[in-house]
Amino acid sequence: MTAPLTPPPHQPPAHGPWQSPAAGPSGPAGPAGGGAVPPVAYAYDEDGPGMKTELRQAAVITVAVAVGGVLLGLLWLWLAPRVPLVADDSAVYLKDTEGEQAIGVDGTFTLLALAFGAVSGLVVFLIRRRGGIPLVVGLALGGLLGSVLAWRLGVWLGPAQDVVAHAKAVGKGVTFDAPLKLNAKGALLAWPVAAMAVHLGLTALFGPRDPEPYPGPYGGAAGA
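Each chain has its residues counted from 1, following the order in which its sequence is written. Whole-chain, interface and lining totals are the exception, using all residues; otherwise, since this is a predicted model, local features are given only for residues with pLDDT of at least 70 and side-chain atom pairs are given and counted only at 80 or more. Side-chain figures throughout are based on the complete set of non-hydrogen atoms in the structure, without hydrogens or water.

K.L.:
How do you make sense of the pattern of salt bridges when you look at a structure like this?
P.N.:
Side chains that differ in charge, positive against negative, can pair when their charged atoms come close. Each reported salt bridge corresponds to a side-chain nitrogen of Lys or Arg within 4 Å of a carboxyl oxygen of Asp or Glu. Considering all chains together, one arrives at 1 salt bridge under this definition. Of the charged contacts, one joins Arg128 and Glu54 as a salt bridge, the two residues approaching to 3.8 Å between their closest N and O atoms. Within this pair, whereas Arg128 is found in the loop between helix 3 (101-127) and helix 4 (133-157), its partner Glu54 is found in helix 1 (residues 51-67), the two being separated by 74 residues in sequence. An identical accessibility class is assigned to Arg128 and Glu54; each is buried. Here a strand is any run of E in DSSP of at least two residues, a helix any run of H or I of at least four, and the numbering for each starts at the N terminus. Relative accessibility decides the category of a residue: with a 1.4 Å probe and only protein chains considered, values under 20% of the type maximum give buried, values over 50% give exposed, and everything between is partly exposed.

Given below as structure tokens:
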């Protein structure tokens, strides 16, 4: 007879209850099939620029868009119809009392401002697709300042504002142009409204999208 083989007292059994299973070559065992758990990748969104950077960009866009009002004012002065006046010994009158030149002056400014707004909204979107509240506010503020600048520049460069002095200078019965005026002050909002509409529309259609939720390690949504 031989004695049963038992491990030495100083060595624990190979499969004792207190010994953790050895990890395989592929990592710790998975919960279901005993395979290795695939490494979990984490997707992070790209951080946008800081608030200070966005404010600086908005300020630059405001100034750049407002400077465009110089071109708008020159085009308005060039394309707007003239309102003919004539004077006699006692007063100054409209030469064509049924004419629509005054309405055409406002309409020309409005159409040009809408075109400038659409172009500025497109250019700002192409420069910075991410958008942002400071950017949109800067675009709208620049459009409003540009409209005011165009209005005042066109009036300043247009026919003389002193109608009586102008009538005396040209003489009785001679036709001369009335001062350039913008009677419909609401036209000043055409540029900023068009710029915001175009920019927000392009951002909604072609702007960057938020990434989809990254699936969890077992096929479900993360955190589910």
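K.L.:
Sorry if this is basic, but what is going on with a nonpolar patch on the surface here?
P.N.:
Here a patch means residues that are over 30% exposed by relative accessible area and free of salt bridges, tied together within 9 Å if like-charged and within 5 Å if nonpolar (Val, Leu, Ile, Met, Phe, Trp, Tyr). Areas reported as accessible are Shrake-Rupley estimates using a 1.4 Å probe. Residue values count occlusion only from the protein chains shown. A contiguous nonpolar patch, built from Val63, Val67, Val70, Leu74, Leu149, Trp156 and Leu157 and spanning about 670 Å² of accessible area, is present on the exposed surface. Listing elements by their share of the nonpolar patch, those giving two or more residues are helix 1, helix 2 (69-79) and helix 4. With 3 residues, helix 4 is the single largest residue contributor to the nonpolar patch. By the secondary structure assignment, Leu74 is in helix 2. Relative accessible area serves as the criterion here: at 40%, Leu74 is assigned to the partly exposed category.

K.L.:
Looking at this structure, how should I read the sheet that holds strand 1 (residues 84-87)?
P.N.:
Sheet strands pair by backbone hydrogen bonding; their relative direction is either parallel or antiparallel. Read from one edge of the open sheet, 3 strands run 2-1-3, paired in antiparallel fashion. Both edges of this open sheet fall to strand 2 (92-94) and strand 3 (176-177), since each of them pairs with a single strand only. The pairing of strand 1 with strand 3 spans 2 bridges and is classified as antiparallel. Looking at strand 3, one finds that Leu85 is bridged to Phe176. Between any two strands, pairing holds if DSSP finds at least two bridges.

K.L.:
Could you clarify how one ought to interpret the nonpolar core in this entry?
P.N.:
Soluble, globular proteins show a tendency: their nonpolar side chains are buried together. Formed by 24 residues in total, the largest nonpolar core has its most connected members in Leu72, Trp76, Phe109, Trp151, Leu182 and Trp191. If one sorts the elements of this core by residue count, helix 3 sits on top with 6 residues. The contacts of Trp151, once residues within four sequence positions are left out, are Trp76, Phe109, Leu182, Lys185 and Leu188. Here, the term nonpolar core denotes a set of buried Ala, Val, Leu, Ile, Met, Phe, Trp, Tyr and Cys residues that are joined through side-chain atoms within 4.5 Å. By size, the runner-up hydrophobic cluster in this structure holds 6 residues, among which are Val83, Leu85, Ala87 and Ala167. The criterion used for residue contact is that any of the two residues' heavy atoms lie within 4.5 Å.

K.L.:
Even after reading the chapter, I still don't get the packing of aromatic side chains, so can you show me in this structure?
P.N.:
Aromatic ring pairs are defined here through the distance separating the ring centres and the angle between the ring planes. Under the pairing criterion, centres of Phe, Tyr and Trp rings, with the six-membered ring standing for Trp, must be within 6.5 Å; the plane angle then separates stacked pairs below 30 degrees from edge-to-face pairs above 60, leaving the rest tilted. Counted by the stated rule, this structure contains 2 aromatic pairs. For the ring pair Trp76 and Phe109, a centre distance of 5.1 Å and an interplane angle of 80 degrees mean the geometry is edge-to-face. Note that Trp76 is positioned in helix 2 and Phe109 in helix 3, a separation of 33 residues in sequence. Only Lys NZ and Arg CZ are tested; either one counts as a charge over a ring when it is within 6 Å of the ring centre and within 35 degrees of the ring normal. Lying across the ring of Trp151, Arg152 places its NZ or CZ 4.8 Å from the centre.

K.L.:
How should the packing of helix 3 against helix 4 be read in this particular structure?
P.N.:
Between two packed helices, both the angle of their axes relative to each other and the distance between the axes serve to describe the pair. To obtain each axis, a line is fitted to C-alpha atoms, and for helices this fit is confined to the stretch in contact; angles are then taken between N-to-C directions over 0 to 180 degrees. Between helix 3 and helix 4, whose axes approach to 11 Å, the crossing angle comes to 150 degrees. Classed by the angle they form, the pair helix 3 and helix 4 counts as roughly antiparallel. The handedness of the crossing between helix 3 and helix 4 comes out as right-handed. Residues Phe109, Ser120, Gly121 and Val124 of helix 3 touch helix 4, and the partners they reach there are Leu135, Leu139, Ser147, Ala150 and Trp151. Note on residue classes: Ala, Val, Leu, Ile, Met, Phe, Trp, Tyr, Cys and Pro are nonpolar, Asp, Glu, Lys and Arg are charged, and everything else, Gly too, is polar. When grouped by side-chain class, the residues that make up the contact of helix 3 with helix 4 number 6 nonpolar, 3 polar and no charged. In this scheme, roughly parallel covers angles under 35 degrees and roughly antiparallel covers those over 145, while 65 to 115 is roughly perpendicular and the rest are oblique. Crossings are classed by handedness, with left-handed meaning an anticlockwise turn of the near helix from the far one by less than a right angle and right-handed meaning a clockwise turn.

K.L.:
Help me understand the environment of Leu153, please; the structure alone is not making it clear to me.
P.N.:
Following the sequence through the fold, Leu153 ends up in helix 4. In this structure, the C-alpha to C-alpha distance between Leu153 and Leu72, residues 81 residues apart in sequence, is 9.1 Å. When near neighbours in sequence (up to four residues on either side) are disregarded, Leu153 contacts Val70 and Leu74.

K.L.:
What should I look at first to understand helix 1 in this one?
P.N.:
An α-helical segment advances 3.6 residues per turn. Residues three or four places apart therefore align on the same side. Multiplying one less than the number of residues by 1.5 Å gives the expected span of a helix. Between the first and last C-alpha of helix 1 there are 24 Å, a value that for 17 residues agrees with the 24 Å anticipated at 1.5 Å per step. For helix 1, the full list of buried residues reads Glu54, Ala58, Ile61, Thr62, Val65 and Ala66. The buried residues of helix 1 occupy an angular sector of 125 degrees when the element is viewed end-on, so they sit on one face. Facing away from the buried side of helix 1 by over 90 degrees, the exposed positions are Lys52, Arg56, Val60, Val63, Ala64 and Val67. In the core, the buried residues of helix 1 are packed alongside helix 2, helix 3, helix 4 and helix 6 (190-206). Arc definition: directions from the helix axis to the C-beta atoms.

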